[in-house]
Amino acid sequence: MRRDPLHGGAHRTAPHRAGENTRAVHLPSPPVPQQTPTGLPVWRTAAFGFAGAAEHTDLLTGRADGYSYSRLANPTSDAFAEAVAALEGARLEEPVPGRAFASGMAAATAVFLAFAEAGTHVVAPAAVYGGTYGLLTGLLTRFGVEVTFADLSDAAAVRAAIRPTTRLVWAETLANPTMAVADLPMLAEAAHAAGALLAVDSTFATPVVCRPLEHGADLVVHSATKYIGGHGDATGGVVVGRAPLLAEIVRVAHLTGGCLAPDEAFLLRRGLETLPLRVRRQCDTASMFAAALARHPAVRRVDYPGLPGHPGHATARRLFDAGPEGTRFGAVVTVTPHGGRDAGLALVDAVKLAKVATSLGGTCTKVSHVATTTHHQLDDAALAAAGIDPGAVRFAVGLEDADDLVRDATEALDTVRRVVGRAGGPPAPRTPEPSSVADLG
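Residues numbered from 1 in each chain as written. Predicted model: local features only at pLDDT ≥ 70, side-chain atom pairs only at ≥ 80, totals over all residues. Heavy atoms only, no water.

**Student:** Talk me through the nonpolar core; I want residue IDs and the actual numbers.
**Tutor:** Ranked by size, the top nonpolar core spans 87 residues in total, and within it Phe80, Leu198, Phe289, Val333, Leu347 and Phe395 carry the most contacts. Residues within four places of phenylalanine 80 in sequence aside, it is in contact with Ala100, Ala224, Ile228, Gly237, Val238, Leu260, Ala265, Leu268, Arg269 and Leu272. Counting residues in each nonpolar core, the second largest holds 39 residues, with Leu197, Ile249, Leu378 and Ile388 among its members. (Core = buried A, V, L, I, M, F, W, Y, C linked by side-chain atoms within 4.5 Å. Buried < 20%, exposed > 50% of the residue type's maximum accessible area, 1.4 Å probe, protein only. Contact = heavy atoms within 4.5 Å.)

**Student:** I'd love a proper account of the sheet that holds strand S5 (residues 146-150), names of residues and values included.
**Tutor:** Sheet strands associate in pairs through backbone hydrogen bonding, adopting either a parallel or an antiparallel arrangement. Taken in spatial order, the 7 strands of this open sheet run S3-S9-S8-S7-S6-S4-S5, and their pairing is mixed. The outermost strands of the open sheet, each flanked by one partner alone, are strand S3 (98-101) and S5. Averaged over all pairs of adjacent strands, the angle between their axes in this sheet comes to 20°, without regard to strand direction. Against the sheet, helix H3 (residues 75-88) makes contact with S3, strand S8 (219-223) and strand S9 (237-241), and its axis sits at roughly 50° relative to S9, the strand it touches most. Strands strand S6 (166-172) and strand S7 (197-201) of the sheet are contacted by helix H7 (residues 184-193), whose axis makes an angle of about 145° with S7. (Pairing = 2+ DSSP bridges. Helix = DSSP H or I, 4+ residues; strand = E, 2+ residues; numbered from the N terminus. Axes fitted to C-alpha atoms, helices over the stretch in contact; angles between N-to-C directions.)

**Student:** Account for the environment of glutamate 94, with residues named and values stated.
**Tutor:** Among the structural elements, glutamate 94 can be located in the loop between H3 and S3. With 274 residues separating them in the primary sequence, glutamate 94 and serine 368 have C-alpha atoms 40 Å apart.

**Student:** Lay out helix H4 (residues 104-115) in plain terms, naming residues and giving numbers.
**Tutor:** Under the 1.5 Å per step criterion, the end-to-end length of H4 is 17 Å for 12 residues, consistent within 8% with the ideal 16 Å. Among the residues making up H4, those that are buried are Gly104, Ala107, Ala108, Ala110, Val111, Phe112, Ala114 and Phe115. (Expected span 1.5 Å × (residues − 1).)

**Student:** Explain the sheet that holds strand S15 (residues 366-369) to me, using residue names and the numbers behind them.
**Tutor:** Read from one edge to the other, the open sheet built from 5 strands follows the order S10-S13-S16-S15-S14, with strand pairing classed as mixed. Unpaired on one side and paired on the other, strand S10 (299-303) and strand S14 (355-356) mark the two borders of the sheet. Here S10 pairs with strand S13 (residues 332-337) via 4 bridges, running antiparallel. Residue pairing in the sheet places arginine 301 in a bridge with threonine 336 of S13.

Below is the structure:
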């Protein structure tokens, strides 16, 4: 107690007032609402505080649940991963967990690092995505992982490719860019008979078209940057699968640090709410687009499983979801014009409505020359083994009106045909693919 010199009375010592810098740093904690928010909160924080050292220790050692550091886990990122897992496992008896990553390649890398090590073997499709091809041949082989690329649509070829050391069979529900359709039950049976896991990149399908876990897959990987986000404004990836397997994925994620930022997670999870609407529309438009372009005289080949002549048509009908619009065959159409690489490059340059850009699955249609973009890692021999023509052009169909997309591509093909005709004569005759919308189912 001390005496107030102004009033002569006694009073308590005034509490210490922190300085302005301390006050600015230690602001009041934000309120935690008791009511459930209808939108996803964004936990934009690198770290989380604890009541004391014991709580901090318990969480880091696994004796308690919670969050400590966003490189390890973040509520917004977890909410996104759990949402994708709910869609992928919608028809399974037990719920499945998921783990979010900063990109699709980060997610794929985590799968390979979790289950492939020196002396083990991986089987992958000959027509695998170029980024995955580069990861397998340019990085993992340096650490003693062996890889065989095979035609995964051929059961005999799959069984021939599997070795006693095979730990992982990697497949794509819809291959990029050939749109080859994985026979998931056959691949699961072959992998499991050899004691291996089946991991499936289902980026091109999404849960709206096919859910590989229902057909025997152990793990499903998505580049969420594509259809899941749906607007080309966020980058991310996700792995979904059985809990024991996801525990290994999480361990790798903690060690490698490819975490998904909370702002990206918010955008990607928001995309899930309109995913069925967008993908159904894109699939329907792609069917009409493929049918129309298959009739064009400048086109040598169209890869789209909705066309009855596509090798994966029957498998797609058996495995893929259908709605009032018919079976959903995906929304990527690969068009190969007569004239080889030069014709393909000319086609990309001639389109006006579709954007020449990386990625796919957004609102606008994107076009790219396969051999010089997504699959530039493959030399001519690898392209041939994958069944990819050097002139192939990938159209990732967006939300435009089908008539406008067909008109744009048709005019571009007319231009290519004139150029090819001047350079080397008219294109060789071809037998048109069945192409009516009714034919597509």
